[in-house]
Every structure is written in structure tokens, then in C-alpha cells.
Amino acid sequence: MKQRPIWNAHVAGAALGLALLLTFVLTGHGLGASGTPTTIAAVASNAVAPATTQANGYLGAMVQDGNNPLNSWINWEVLGVLFGALLAAWWSGQMRLRVEGPPKARTPGRLALALAGGILSGFGARVSAGCTSGLGLSGSATLATAGFVFLIGFFGAGLATGLLTRRMWK
């Protein structure tokens, strides 16, 4: 398939803003993603140890009264993002399996960096009660102080990480 150019950053940003606005208008809440691994953990935990899961203050509320946390809107949103990303990659002619990362790192190193970053991001998302999209985009779109504090910390951490790993990218 012929490779097509990716979207202009300004057009993509405007489209994201419109998608966020439409989400608020149609559903009453913003975008998010970090709740999906939590709902999967609640379902898995409830399947293995239902009494312990229901007694847990964090996961128990998700499965009480026979609720299925997988029916939550956030899971459908994440599935939509997955299928949308696959469609965009196919449409642009860039659909291929590859491991991105610093040129000086081999594939195992890139995967280790991705795993470490994912674990830290997931931990941070749970501690701050929201991920980049939930707290940063949706929070700041509603002018919530927490959204702006999160974005300052997020960009600060990104800058520090970039400075610490810049030699790997040269």
C-alpha cells in the first residue's frame, strides 16, 4: 500500500479537542484510559478470589452486587482507540510490527525501557486518580487545578527523562 502522510499536528490537536468536547456533550465525562487495566484486574481478581476481591476497598466496589466492570464506558473507549489506531496505521500505509526506541538501544533494551515507563506511568495514574488523557486533557479542559498541576509535573518529568536519556538517542 502507498504510504500517505500523517496528520498535521495542528489538525490532529483540533480534532482531539473536538473529540473531547463531543465526549463531554454526549456522555457527561471526559476522556480517560487508565481505568481499563484496573477493571481487568478487578474481573481477574474476582474470578480467582471473589471473597478477597469483594472485601478489598478498591476493587470490591467495582464487583459488588454482581457488577461487571468490563461494561464500563472506559473499556469501550480504549477498544475504540485500539481499532482507530489500527485503522489509521493501515490507512497511512505504515502498518508493520516494530519496536520503537533509542537508536543506541537494542530491542530487549527498548522493551525494558517501555516496560519501566509503562509501570511508572500506570503507578502515577493510579496515585493521581487519572492518566494523561483523563487528568491532563479532561481535567485541564474543565479548568481543574489538578489537571494543570498534573500537566506541569508530567512535562517536568518528561524533560528530566529526556535529559537523562538524550545520549541514547544520538
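Fair warning: this is a prediction, and the values are worked out from it, not measured in the lab.

Rules of the game
Every residue gets a number counted from 1 within its own chain, in the order that chain's sequence is written. Totals for whole chains, interfaces and linings use every residue, but because this is a predicted model, local features are given only for residues with pLDDT of at least 70 and side-chain atom pairs only at 80 or more, for both listing and counting. Excluded from the side-chain calculations are hydrogens and water; all other atoms, namely the structure's heavy atoms, are used. Secondary structure elements are defined from DSSP: runs of H or I of at least 4 residues count as helices, runs of E of at least 2 residues count as strands, and each element is numbered from the N terminus. Between two residues, a contact is recorded if the distance between any of their heavy atoms is within 4.5 Å. Paired rings are identified among Phe, Tyr and Trp, the last through its six-membered ring, by centres lying within 6.5 Å, and are further divided according to the angle between planes into stacked (under 30 degrees), edge-to-face (over 60) and tilted (the rest). Relative accessibility decides the category of a residue: with a 1.4 Å probe and only protein chains considered, values under 20% of the type maximum give buried, values over 50% give exposed, and everything between is partly exposed. When a carboxyl oxygen of Asp or Glu lies within 4 Å of a side-chain nitrogen of Lys or Arg, that pair is called a salt bridge. Every angle, taken between N-to-C directions, lies between 0 and 180 degrees, and every axis is a line fitted to C-alpha atoms, over only the stretch in contact when it is a helix. In this scheme, roughly parallel covers angles under 35 degrees and roughly antiparallel covers those over 145, while 65 to 115 is roughly perpendicular and the rest are oblique. When residues are grouped by polarity, Ala, Val, Leu, Ile, Met, Phe, Trp, Tyr, Cys and Pro land in nonpolar, Asp, Glu, Lys and Arg in charged, and all others, Gly among them, in polar. For patch detection, residues must exceed 30% relative accessible area and be free of salt bridges, and they are connected within 9 Å for like charges or within 5 Å for nonpolar side chains (Val, Leu, Ile, Met, Phe, Trp, Tyr). Areas reported here follow the Shrake-Rupley algorithm with a probe of radius 1.4 Å; residue values treat only the protein chains shown as occluding. Positive: Lys, Arg. Negative: Asp, Glu. His and the chain ends are not part of the count. By convention, charge coordinates are those of NZ in Lys, CZ in Arg, CG in Asp, or CD in Glu. Along the chain, pLDDT gives the predictor's confidence residue by residue, from 0 to 100.

Focus: the overall build of the chain
Helix and strand counts for the chain stand at 8 helices and 0 strands. If you list the helices and strands of the chain from N to C, you get α-α-α-α-α-α-α-α. At a minimum sequence separation of 6, the contacts of the chain that also span at least 24 residues come to 55%.

Side note on the packing of aromatic side chains
Summed over all chains, the structure comprises 3 aromatic pairs. Both rings, one in Trp-90 and one in Trp-91, keep their centres 6.3 Å apart while their planes meet at 50°; by these two values the pair is tilted. Judged by centre distance (5.7 Å) and plane angle (80°), the rings of Phe-154 and Phe-155 are edge-to-face. Assessed through its relative accessible area of 38%, Phe-154 is described here as partly exposed. Residue Phe-155 is classed as exposed on the basis of its relative accessible area, which comes to 58%.

Digging into the pattern of salt bridges
Counting across every chain of the model gives 1 salt bridge. The shortest N-O distance in the salt bridge between Arg-98 and Glu-100 comes to 2.5 Å. Judged by its relative accessible area of 56%, Glu-100 falls in the exposed class.

Quick notes on the packing of helix α1 (residues 9-27) against helix α7 (residues 132-141)
Close contact between α1 and α7 brings their axes to 11 Å; oriented N to C, the two are set at 75°. In terms of axis orientation, α1 runs roughly perpendicular to α7. Residue-level inspection shows Leu-16, Leu-20 and Phe-24 of α1 in contact with α7, the latter providing Leu-137, Ser-138 and Ala-141. For the contact of α1 with α7, a count of residues per class yields 5 nonpolar, 1 polar and no charged.

Overview of a positive patch on the surface
Together, Lys-104, Arg-166, Arg-167 and Lys-170 line one region of the surface with positive charge. By the secondary structure assignment, Arg-167 is in the segment after α8 (145-165).

Observations regarding a nonpolar patch on the surface
On the surface, a nonpolar cluster with roughly 1,000 Å² of combined accessible area is contributed by Trp-76, Leu-79, Leu-82, Phe-83, Leu-86, Leu-87, Trp-90, Trp-91 and Met-95. If you trace the backbone, Leu-79 turns up in helix α5 (residues 73-92). By relative accessible area, Leu-79 is classed as partly exposed at 38%.

Side note on the confidence of the model for the chain
Overall, the prediction assigns the chain a mean pLDDT of 87, with 99% of residues at 70 or greater. Looking over the chain, one finds the lowest element-wise mean pLDDT in α7, namely 82, and the highest in helix α3 (residues 50-55), namely 92.

Considering the environment of Arg-126
You can see Arg-126 is positioned in helix α6 (residues 107-127). Accessibility expressed as a relative area gives 35% for Arg-126, which makes it partly exposed. Considering only alpha carbons, one finds Arg-126 and Ala-160, 34 residues apart in sequence, at a separation of 21 Å.

A closer look at the environment of Val-43
Take Val-43: it is sitting in helix α2 (residues 35-48). Taking the C-alpha atoms as reference points, Val-43 and Ala-89, 46 residues apart in sequence, are found 31 Å from one another. The residues touching Val-43, leaving out its near neighbours within four places in the chain, are Asn-68, Pro-69 and Leu-70.

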